[in-house]
Amino acid sequence: MVRLDAAHCALETLVTLRQHGNVSFVIKWNPRKEDPPAWRDRLFAEGKVTQPRPGKKVAVMTVHETREVEGKEKRFMRVMRVTERTMDRDGQMLLAPQVRLEGW
């Protein structure tokens, strides 16, 4: 089992780990070029949504992504989680929702 942080989410790392059939891996995803509000909308529409407390919603979903590597298509799976807060834990309403996007 290999666990890596977001600094190692490059396609080359994924391909290298996939070449070893007896290795499982979890790599934190870096959403640097992504649109958090668009992912929030998709996960809340398609994922499993919970509301742990008033003012906090969490959605979880698995997405499959196909990437081309050396002329061959490789399929990868990512577990996505988005958290939207409209109120802090003490009950104070926020001026704008806070959106946190994560993936592994």
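Above this text you will find the structure in question.
Since the structure is predicted, the reported quantities are computational estimates derived from the model, not experimental observations.

### Remarks on helix α2 (residues 36-46)
Think of an α-helix as 3.6 residues a turn; residues three or four steps apart then line up on the same face. Listed as buried for α2 are Trp39, Arg40, Leu43 and Phe44. Seen along its axis, α2 keeps its buried residues to an arc of 125°; they face one direction. Across α2 from its buried face, at more than 90 degrees, point the exposed residues Ala45 and Glu46.

### Re the sheet that holds strand β4 (residues 56-69)
The strands making up a sheet associate through backbone hydrogen bonding, with each pair oriented either parallel or antiparallel. Taken together, four strands build an open sheet; the order of strands is β3-β4-β5-β6 and the sheet is antiparallel. Only two strands of the sheet have a single neighbouring strand rather than two, namely β3 (48-53) and β6 (93-103). Adjacent strand axes in the sheet meet at a mean angle of 25°, parallel and antiparallel pairs treated alike.

### A few points about the pairing of β3
Where burial is concerned, little of β3 is hidden: zero out of the six residues are buried. Here β3 pairs with β4 via four bridges, running antiparallel. Directly across from threonine 50, in β4, lies its bridge partner valine 58. Linking β3 to β4, which pair antiparallel, is a turn of two residues; within it glycine 55 sits at a positive phi near 85°.

### Quick look at a nonpolar patch on the surface
The grouping of Met1, Val26, Val60, Val79 and Trp104 at the surface amounts to a nonpolar patch, some 420 Å² of accessible area in total. Checked against the element boundaries, methionine 1 lands in the segment before β1 (2-4).

### Side note on the environment of methionine 87
Of note, methionine 87 is situated in strand β5 (residues 72-87). Spatially, the C-alpha atom of methionine 87 lies 6.9 Å from that of lysine 56, the residues being 31 residues apart in sequence. Apart from residues no more than four positions distant in its own chain, methionine 87 is found in contact with Arg53, Pro54, Gly55, Gln92, Met93 and Leu94.

### Thoughts on the packing of aromatic side chains
The full count for this structure, using the stated rule, is one aromatic pair. Centre to centre, the rings of tryptophan 29 and tryptophan 39 are 6.1 Å apart; their planes meet at 75°, and the pair counts as edge-to-face. Linking tryptophan 29 in the loop between β2 (25-27) and α2 with tryptophan 39 in helix α2, this pair joins segments that are ten residues apart in sequence. Taken individually, tryptophan 29 and tryptophan 39 each receive the classification buried, so the pair is uniform in this respect. Lying over the aromatic face of phenylalanine 76, arginine 18 brings its terminal NZ or CZ to 5.2 Å of the ring centre. For lysine 57, the ring lying beneath its charged end belongs to phenylalanine 44, and the centroid distance is 4.4 Å.

### Quick word on the nonpolar core
In globular proteins that are soluble, nonpolar side chains generally tend to be buried together. Of all hydrophobic cores here, the largest spans ten residues; its members are Trp29, Trp39, Leu43, Phe44, Ala59, Met61, Val63, Met80, Val82 and Leu101. If you list the elements that add at least two residues to this core, you get α2, β4 and β5. In contact with methionine 80, not counting residues within four places along its chain, are Trp29, Trp39, Leu43, Ala59, Val60, Met61, Val63, Leu101, Glu102 and Gly103.

Conventions used here
- Residues numbered from 1 in each chain as written.
- Predicted model: local features only at pLDDT ≥ 70, side-chain atom pairs only at ≥ 80, totals over all residues.
- Heavy atoms only, no water.
- Buried < 20%, exposed > 50% of the residue type's maximum accessible area, 1.4 Å probe, protein only.
- Helix = DSSP H or I, 4+ residues; strand = E, 2+ residues; numbered from the N terminus.
- Arc of directions from axis to C-beta.
- Pairing = 2+ DSSP bridges.
- Axes fitted to C-alpha atoms, helices over the stretch in contact; angles between N-to-C directions.
- Patch = residues over 30% accessible without salt bridge, like charges linked within 9 Å, V, L, I, M, F, W, Y side chains within 5 Å.
- Areas by Shrake-Rupley, 256 points an atom, 1.4 Å probe, with all protein chains shown as cover.
- Salt bridge = Lys/Arg side-chain N within 4 Å of Asp/Glu carboxyl O.
- Contact = heavy atoms within 4.5 Å.
- Phe/Tyr/Trp six-rings, centres within 6.5 Å; stacked < 30°, edge-to-face > 60°.
- Lys NZ or Arg CZ within 6 Å of the ring centre and 35° of its normal.
- Core = buried A, V, L, I, M, F, W, Y, C linked by side-chain atoms within 4.5 Å.

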